[in-house]
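Examination of the molecular architecture
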Amino acid sequence: MGSYYAPYRGYSYRRLSIGFFLDSLFFSQNYWINDPWQYRLPDVYGPYRWVRYYDDALLVNVYTGEVVDVINNFFW
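Below you will find a few notes about this structure. (Residues numbered from 1 in each chain as written. Predicted model: local features only at pLDDT ≥ 70, side-chain atom pairs only at ≥ 80, totals over all residues. Heavy atoms only, no water.)

With that settled, consider the packing of aromatic side chains. Applying the stated criterion across every chain yields a total of 12 aromatic pairs. For the pair tyrosine 4 and tyrosine 54, a centre-to-centre distance of 4.5 Å together with 40 degrees between the ring planes defines the contact as tilted. Of this pair, tyrosine 4 sits in the segment before strand S1 (48–53) while tyrosine 54 is found in the loop between S1 and strand S2 (56–61), placing the two residues 50 residues apart along the sequence. The burial state of tyrosine 4 is the same as that of tyrosine 54; both residues are buried. Within the aromatic cluster, the residues linked to one another by ring pairs are Tyr4, Tyr8, Tyr11, Tyr13, Phe26, Tyr31, Tyr53 and Tyr54. Stacked on the ring of tryptophan 32, the Lys or Arg arginine 49 has its end atom at 4.7 Å from the ring centre. (Phe/Tyr/Trp six-rings, centres within 6.5 Å; stacked < 30°, edge-to-face > 60°. Helix = DSSP H or I, 4+ residues; strand = E, 2+ residues; numbered from the N terminus. Buried < 20%, exposed > 50% of the residue type's maximum accessible area, 1.4 Å probe, protein only. Lys NZ or Arg CZ within 6 Å of the ring centre and 35° of its normal.)

Below, the structure is given as structure tokens:
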């Protein structure tokens, strides 16, 4: 997928967990994993999208920003 660039200058990584709410810039279309099957991630439907957050893959409800699943160090 290439290099990851945080949407905010000076923002540093912090480990996220299920139930955390992300700012909308972190799950904008620039960060969507559009082909989850290629990465062996489960398909998602409705308001859910897999997004890249640094080296992690997060399943996010794009209407609310709630993180519903986390795979740490996925892009390591």
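What follows is about the side chain of aspartate 56. With respect to the helices and strands, the residue aspartate 56 is situated in strand S2. Despite its burial, aspartate 56 pairs with no opposite charge, the nearest such side chain being arginine 15 at 5.6 Å. At 2.7 Å, the side chain of aspartate 56 and the side chain of tyrosine 13 are in polar contact. In this structure the side chain of aspartate 56 is engaged in a polar contact, spanning 2.9 Å, whose partner is the backbone nitrogen of asparagine 73. (Lys, Arg positive; Asp, Glu negative; His and termini not counted. Salt bridge = Lys/Arg side-chain N within 4 Å of Asp/Glu carboxyl O. Polar contact = N/O pair within 3.5 Å; in protein donor to acceptor, adjacent residues only side chain to side chain.)

On to the nonpolar core. In this structure, Tyr4, Leu22, Val51, Tyr53, Leu58, Val60 and Val67 are the most contacted members of the largest nonpolar core, which totals 14 residues. At the level of secondary structure, the elements contributing two or more residues to this core comprise S1, S2 and strand S3 (67–71). Once residues lying within four places of it in the same chain are set aside, the contact partners of leucine 58 are Leu16, Leu22, Arg49, Trp50, Val51, Tyr53, Val67, Asp69 and Val70. Ile33, Trp50, Leu59 and Phe75 belong to the second-largest nonpolar core, a separate cluster that totals 6 residues. (Core = buried A, V, L, I, M, F, W, Y, C linked by side-chain atoms within 4.5 Å. Contact = heavy atoms within 4.5 Å.)

None of this, on its own, says anything about what the molecule does.
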